[in-house]
Amino acid sequence: MLAHLSILQVVVPLMAAPLCLFLNRSKLVWLFALLVCAFTFVNSIFLLQQVMSSGTIIYQLGGWDAPWGIEYRIDELNALLLLIISAVGTIVLFAAHTSIQKELPESRHTLFYSLYLLSITGMFGIVSTGDVFNVFVFLEISSLSGYALIALGKDRRALWAAYQYLIMGTIGATFILIGIGLLYQMTGTLNMADLANRLAEVNQTRTVFAAFTFLIVGICLKLALFPLHLWLPNAYAYAPSIVTAFLAATATKVAVYLLIRFTYTVFGIEFSFSILPLQNLFIILGLVGIFAASTAAIYKTNVKHIFAYSSIAQVGYMIIGYAINTTTGLMATLLHLFNHALMKSALFLALGAVMYRIGSVQLSQFQGLGRQMPLTMAAIVIGGLSLIGVPLTVGFISKWYLLLAVIEAGMWPVAVLLLLGSLLAVLYVWRIVETAYFKPPLPGREAVQEAPWTFLAPIWILVLANIYFGIDTRLSVQVAQAASQSLFGINP
């Protein structure tokens, strides 16, 4: 059984997704999907423990040796991502039954859970596989189910948001497929480890340069790097609350994983950062993204939009850490992957609770909520403080290591700009605090109650995780450091 953990992480939710269609009762489907996600969470913990103690896990499908067969390869980086996706997927799903009662008609509940499991399957597959064409297949599974989940939103604008995401996502996926095809043409292999060996002989050819460009642009579309981010704000704002909480914490993280995997493992550090001027380009795009998205967030009136633009800014922080091309920089990026997933899942889930009680997430509707929904609003405040990077929260840990990496690299102007970017976050978080705590409740809405416990329990699990991992950083720092050193070929 232990030998098959890596494949079970993908197969179990994949097989469970169609089974949901045979369970007619909404609560029964929810319990079944929750049980499946809980299994993947426990499984990911075992995988992480195994990788940290025994090294990389290699699983060959059908007993065929690589590169002829497909292999699943789980190292520290894969194991970290599997833990993030499964943990968030399970905790967020706990609130799903309550949330979708108000946001989706009952006839669509079964479809929702089926699509949710397909989306999580696709993400697990992307992160687990050691085969680049398999990456594309799982990317399509997660993307198509993601488009459908967003389109389920009750606001008619959800259809337009899903369509925008579909168009941009399809362009990104096509670019990735073209890049993979060009690599296969030049090397005759699709296995990542084998590709890395064979590319060394042909990496000065125009075809490989073209493949690299297609892959980078396609992946950057998927991770919503400025200025390729236009699909993200509306997708997050108009999707059902549970979908937003799940995708905001996982989708862009998987795309960042792909960027790291292709540049560090497949093409290699020298090709990606020495031969091509990626470093300066990504640092500039990251900084512009932080300031442009944070400034846009300050002027938004829909709180989901505020945090959606905040997500684009946070991608900028991740990209800057990645672009520095040092072990500390990459470690900061991986820490922020983990920490940002905790922040955004808590924030969007809390917004789901607000949506459940008052039917809106417009900033003007937040008046007086600090007194009417004290636990929910306290969660939003703590999540906001984490976004800013206040000490004793996970956001502080991410930004601390990122500043260390920037200063180590001698990029003092970048360090100053990163701090200024964090100050912008203070402005848009303060707008929410001011409205909720310093303005009276709207007329006729004095009887608003606190969110039900089925919302509060997962929200506060995530909020407390924001605080706990901001104080005890052993797990996150140790795994991020091990993954970073492994990608740089350093034996700890």
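Conventions we followed
Residues numbered from 1 in each chain as written. Predicted model: local features only at pLDDT ≥ 70, side-chain atom pairs only at ≥ 80, totals over all residues. Heavy atoms only, no water. Phe/Tyr/Trp six-rings, centres within 6.5 Å; stacked < 30°, edge-to-face > 60°. Buried < 20%, exposed > 50% of the residue type's maximum accessible area, 1.4 Å probe, protein only. Lys NZ or Arg CZ within 6 Å of the ring centre and 35° of its normal. Salt bridge = Lys/Arg side-chain N within 4 Å of Asp/Glu carboxyl O. Helix = DSSP H or I, 4+ residues; strand = E, 2+ residues; numbered from the N terminus.

Draft legend 1. Spotlight on the packing of aromatic side chains. Following the criterion strictly, the structure yields 21 aromatic pairs and no others. Between Tyr468 and Phe469, the aromatic rings sit 5.1 Å apart at their centres with planes inclined by 80°, giving edge-to-face as the arrangement. Residue Tyr468 is classed as partly exposed on the basis of its relative accessible area of 45%. One aromatic cluster is present, formed by Phe112, Tyr113, Tyr116 and Phe246 through successive ring pairs. The cationic tip of Lys102 hangs over the ring face of Tyr356; the distance from NZ or CZ to the ring centre is 4.6 Å.

Draft legend 2. Representation of the pattern of salt bridges. Applying the stated criterion to the full structure yields four salt bridges. Close ionic contact of Asp75 with Arg261 constitutes a salt bridge, the shortest N to O distance being 3.0 Å. With a gap of 186 residues between them, Asp75 in the loop between strand E2 (71–74) and helix H3 (76–94) and Arg261 in helix H11 (residues 241–266) connect regions that are remote in the sequence. Neither residue differs from the other here; Asp75 and Arg261 are each classed as buried. A salt bridge links Arg198 to Asp194, with the nearest nitrogen and oxygen atoms 3.1 Å apart. With a gap of four residues between them, Arg198 and Asp194 both fall in helix H8 (residues 192–202), about one helical turn apart. The buried category is assigned to Asp194, whose relative accessible area is 15%.

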